[in-house]
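Now for the letters of each chain:
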Amino acid sequence: MSNADIQRLRPTAQWSDATAFNGIIHFVEVPESGKTFAEQTVALLAQAQRTLAAMNSDKSRVLMAMIYLPDLANRAEFNKIWQAWLPEGSAPSRACVKAELASPDDLLEIVFTAAARQG
């Protein structure tokens, strides 16, 4: 049995930055920079755009987002930034949950599922 039909972006022994199978892309982003919630959110969404581009997709093709926030008081601010980031008419299915994250410095984490472009 071969895994040749599974695409992996920058795989390591512990994880891949993204994986794709049958045109569906899966990846997780945690902020690489920023101290405030807004800074981390903007940084994370920019990272997501780079990951999507590397996997032959873009933010208009996000199918599902699972948003993890340690503090739900940040939800309204997140929604404002999220809505400005998404192209009109392309909001994905999503859930937003309160969760303790691996690093106390991270103020959010998002799991993405997206469709790759055909061809």
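Here goes a summary of the coordinates provided. Keep in mind that what you see is a predicted model, and the values were worked out from it rather than measured. (Residues numbered from 1 in each chain as written. Predicted model: local features only at pLDDT ≥ 70, side-chain atom pairs only at ≥ 80, totals over all residues. Heavy atoms only, no water.)

Topic: the layout of surface pockets
Item 1. Size it by volume and the largest pocket reaches roughly 390 Å³.
Item 2. The wall of the largest pocket is formed by 13 residues, among which Trp15, Asp17, Val28, Glu29 and Val30 lie closest to the centre.
Item 3. Breaking the lining of the largest pocket down by element, the ones donating at least two residues are strand S3 (24-29) and helix H1 (37-54).
Item 4. Classifying every residue of the lining of the largest pocket by side-chain character gives four nonpolar, three polar and six charged. (1 Å grid on protein atoms, 1.4 Å probe; cavity = no way out; pocket = protein on both sides within 12 Å on 5 of 7 lines; lining within 4 Å. Points joined across faces, edges and corners; volume = space filled by probe spheres on them. Helix = DSSP H or I, 4+ residues; strand = E, 2+ residues; numbered from the N terminus. Nonpolar A, V, L, I, M, F, W, Y, C, P; charged D, E, K, R; others polar.)

A closer look at H1
Item 1. For H1, with 18 residues, the first-to-last C-alpha span of 26 Å sits near the 26 Å given by 1.5 Å per residue.
Item 2. Every buried residue of H1 is listed here: Phe37, Gln40, Thr41, Ala43, Leu44, Leu45, Gln47, Ala48, Thr51 and Leu52.
Item 3. Each element contacted by the buried residues of H1 is listed here: strand S1 (6-9), strand S2 (18-21), S3, strand S4 (62-69), helix H2 (75-85) and strand S6 (109-115).
Item 4. Immediately downstream of H1, the backbone of Asn56 shows phi near 60°, a positive value. (Expected span 1.5 Å × (residues − 1). Buried < 20%, exposed > 50% of the residue type's maximum accessible area, 1.4 Å probe, protein only. Contact = heavy atoms within 4.5 Å.)

Observations regarding the environment of Ala73
Item 1. Tracing the backbone shows Ala73 in the loop between S4 and H2.
Item 2. Considered as a pair, Ala73 and Lys35 are 38 residues apart in the sequence and their alpha carbons are 16 Å apart.

Details of the nonpolar core
A general tendency of soluble globular proteins is for nonpolar side chains to be buried together.
Item 1. Counting 26 residues, the largest nonpolar core has Ile25, Leu45, Trp82, Ile110 and Phe112 as its most contacted members.
Item 2. For this core, the secondary-structure elements that each account for two or more residues are S2, S3, H1, S4, H2 and S6.
Item 3. Ignoring any residue separated from it by four or fewer positions in sequence, one finds Ile25 in contact with Ala18, Thr19, Ala20, Met55, Ser57, Phe112, Thr113, Ala114, Ala115 and Ala116. (Core = buried A, V, L, I, M, F, W, Y, C linked by side-chain atoms within 4.5 Å.)

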